[in-house]
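# Chain and residue survey
Each chain, written out:
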Amino acid sequence: MVFNSVDFIVFIIPVFLLYWLVFSKSSVYQNLFLLIVSLFFYAWADWKFLALLVASTIINFYLGLKIHKSPDDRKRSIFLYMGVIFNVGLLLYFKYFNFFYEGFYEILNVFGVSSNYSTLSILLPLGISFFTFQTLGYLIDVFNEEIEPNSNLLEFSVFVTFFPKILSGPIERAASFIPQIQDKRKLSYDVCVDGFRQILWGLFAKVVIAENCAEFANLIFDNYENNPGSVLLIGTFFYAIQLYADFSGYSNMAIGVSKLFGIQLMRNFSTPFFSTNISDFWRKWHISLTTWMMDYVFTPLSFILRRHQKKGLIISIIVTFILVGFWHGANWTFVVYGLLHGIYFVPLVYSGRMNTEQIVAKGKWFPSIKEIFKMLMLFVLIMLTDVFFRVDSVETGIDYMNRIFSTSIIDAPSAIYGNTTIITIMLIGIFIAVEWINREKKHDFDISNYNIYLRWASYIFIFVLILFFGRSSETFIYFQF
Amino acid sequence: MEAEVIKNRISDVLISILEHKNFEMHDELTARDVDGWDSLSHMMIITKIEEEFSIRFKLRDLNKLKNMGSLVSVIQSKI
């Protein structure tokens, strides 16, 4: 049940009404209701793995308590390791088993031991990459004594399964999520309206921007061998915008839906293309994943390697980004994607220019020429790297790149001439302009400070664009991760 | 060692790594308040502090650092 479906509307209206009208007596009622609804929501999407989700929740709950109650460090570590093995083991089995299995046989082949093998057909439980990271982070936080474990199974279950974020994040932290559900939530008109705004904007990003860009990206990528370099280059542009609009749109809808229930999820994107260097970009792109990786991978690793100064820092960054890439799926393309992004940091580490102004042209209407140049250069770099995010194999990615940077890059891109192209480019222009205007705000469509006429004009404008140019879609790119 | 002396020496470390003096030392100061003190420069600062005071942190010590006051007390407990 995706957010942009009729099913979801039919689901959310009664849930919203029941939550605030019937189950609003106390936090226990509210949480019980959210848990039931969340399990229903998950079962609707993927009933086969509902038991896995429930088991994972209960096991992590008890491990958290065990870590906390253990009298000595050795026992605490044992329970933490159990948790790490359990959660990482789930991911390795469901997501990466075939990858390593194939790799193993390929190595055997290299050594001349040829053997036949067939991969297992393992279905990927929906949302597993998201909920295992959440529970893993929770156990590490408890171990580090950054948080007290939650001793209420109901609250903990809501933390793990809360339906707006179960399928594709944001990857929440217990420290910010659990306190919000410990008290009774009160209906706030302003928060709800803000939630609707964010849903509207997410819907626009998804069904108008991402889906229209997908038309071009799919056409070009699926047929790349028959297109000149110029068209392939344009294909990377549409894919980069599609990827961003798809996932930031999803995230905005998830955060907006959550607000309707009085729960604030963490921001996942903060206008990442308005960045002037790669470090800035990653502070604004899939924030819930990158901060997770920062806290639980980069920090310990760079701590261990701290004596090696900049070299240690670079190794830590590259390893962290390879994992960021690999998190997306069991394919070498994601490893290459992560590796490339890690390498892009190297000049920054050596020049010591890691930290720039995070909001470009803060307080101004327009960026300077220098800022525009830097943003464009960075965008082109990211857009080209995204090729490895899109293609099925590294070979295809390299072939695609070679074809872009061939003499045919100067051919006229006649394959994409047409009115739809012009309309799509204009829609992207509107999308980017609105994000630019709101880049200092709490979210991409936070127009609460506009006067009532301007606010409603904006809502109607976006709504009309959705009606006219929206395309239906049954899935999101990030559901496969 | 007195807290004030430690703070002055930390301040020198920050200036040498971050190359600016735009911060005021007090117990509630956090990395977030200081320009350029982020997850990437953090380890360089930590390493330099270890050298400055001839101490060794554990990862667990770092997780407990909440602000300048807690950094000073962790350092005091090690020298």
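Structure report, in brief. (Residues numbered from 1 in each chain as written. Chains lettered and ligands numbered in written order. Predicted model: local features only at pLDDT ≥ 70, side-chain atom pairs only at ≥ 80, totals over all residues.)

## A closer look at the overall build of chain A
As a reminder of what qualifies: Secondary structure follows DSSP: runs of H or I at least 4 residues long count as helices, runs of E at least 2 residues long count as strands, and numbering of each begins at the N terminus. For this measure, only C-alpha atoms enter the radius of gyration; the expected value for a globule follows 2.2 Å times N^0.38, where N is the number of residues. Residues are called buried when their C-beta atom has 20 or more other C-beta atoms within 10 Å, exposed when it has 12 or fewer, and partly exposed otherwise; all C-beta atoms are positioned from the backbone. By definition, residue pairs are in contact when their C-beta atoms, positioned from the backbone, come within 7 Å.
Assigned secondary structure in chain A consists of 20 helices and 0 strands. Its C-alpha radius of gyration of 23 Å places chain A within 12% of the 23 Å reference for a compact globule of 481 residues. Each principal axis of the C-alpha distribution contributes one length, and for chain A these read about 70 × 70 × 45 Å. Scored against the burial criterion, the 481 residues of chain A give a buried share of 41%. Within chain A, contacts between residues at least 6 apart in sequence are counted, and of these 74% link residues at least 24 apart.

## A short note on the overall build of chain B
Within chain B, the secondary structure is distributed over 4 helices and 0 strands. Traced from its N-terminal end to its C-terminal end, chain B shows the element sequence α-α-α-α. The C-alpha atoms of chain B give 11 Å as radius of gyration, which agrees with the globular expectation for 79 residues (12 Å, within 12%). Here the C-alpha coordinates of chain B stretch approximately 30 × 25 × 20 Å along the principal axes. Taking all 79 residues of chain B together, the buried fraction comes to 22%.

## Things to note about the interface of chain A and chain B
As a reminder, the rule being used: Just so you know the grouping, Ala, Val, Leu, Ile, Met, Phe, Trp, Tyr, Cys and Pro go in nonpolar, Asp, Glu, Lys and Arg go in charged, and all remaining residues, Gly too, go in polar.
Between chain A and chain B, the contact holds 13 residues from the first and 13 residues from the second. Looking at the side of chain A that touches chain B element by element, the count peaks at 6 residues for helix α12 (residues 287-304) of chain A. Classifying every residue of the side of chain A that touches chain B by side-chain character gives 6 nonpolar, 4 polar and 3 charged.

## Examining helix α2 (residues 39-53) of chain B
Put simply, the rule reads: To estimate the expected span of a helix, subtract one from its residue number and multiply by 1.5 Å.
For α2 of chain B, spanning 15 residues, the distance from its first C-alpha to its last is 22 Å, which sits close to the expected 21 Å at 1.5 Å a residue. By the burial criterion, the buried members of α2 of chain B are L40, M43, M44, I45, I46, T47 and I49 of chain B. For α2 of chain B, the secondary structure elements touched by its buried residues are α12 and α13 (309-327) of chain A together with α1 (3-18) and α3 (59-64) of chain B. One or two steps after α2 of chain B, the chain reaches S54 of chain B, where phi turns positive at roughly 50 degrees.

## Remarks on the environment of D295 of chain A
Of note, D295 of chain A is situated in helix α12. According to the C-beta neighbour criterion, D295 of chain A is partly exposed, with 18 such atoms within 10 Å.

## Quick word on the nonpolar core
Residue and element names in this part refer to chain A. Put simply, the test is: Under the definition applied here, buried Ala, Val, Leu, Ile, Met, Phe, Trp, Tyr and Cys residues are grouped into a nonpolar core through C-beta atoms within 7 Å.
Counting 128 residues, the largest nonpolar core has L139, F159, I209, C213, A217, I241 and A245 as the members making the most contacts within it. Looking at which element gives the most residues to this core, the answer is helix α10 (residues 229-260), with 18 residues. Not counting the four nearest positions on each side in its chain, F159 is found in contact with A174, F177 and I178.

## A few points about the environment of G69 of chain B
All names here are of chain B. Mapped onto the fold, G69 is located in helix α4 (residues 68-78). Its 16 C-beta neighbours within 10 Å are what place G69 among the partly exposed residues. Sequence separation of G69 and T30 is 39 residues, and the distance between their C-alpha atoms is 9.2 Å. If sequence neighbours within four positions are ignored, G69 has contacts with D27 and E28.

## Digging into the packing of helix α3 (residues 50-69) of chain A against helix α4 (residues 73-110) of chain A
Residue and element names in this part refer to chain A. Put simply, the rule is: Fitted lines through C-alpha atoms serve as axes, helices being fitted only where they are in contact, and the angles separating the N-to-C directions of these axes extend from 0 to 180 degrees. Angles below 35 degrees are treated as roughly parallel, those above 145 as roughly antiparallel, those between 65 and 115 as roughly perpendicular, and all remaining angles as oblique. Crossings are sorted by hand: turned counterclockwise from the far helix by less than a right angle, the near helix makes the crossing left-handed, and turned clockwise it makes it right-handed.
Two elements in contact, α3 and α4, have axes whose closest approach is 9 Å; the angle formed by their N-to-C orientations is 160 degrees. Here α3 is positioned roughly antiparallel relative to α4, judged by the angle of their axes. Considering how the two elements wind past one another, α3 and α4 form a crossing that is left-handed. Residue-level contacts link S56, I59, N60, L63, K66 and I67 of α3 to R76, F79, L80, M82, G83, F86 and L90 of α4. Counted by class, the contact of α3 with α4 contains 8 nonpolar, 3 polar and 2 charged residues.

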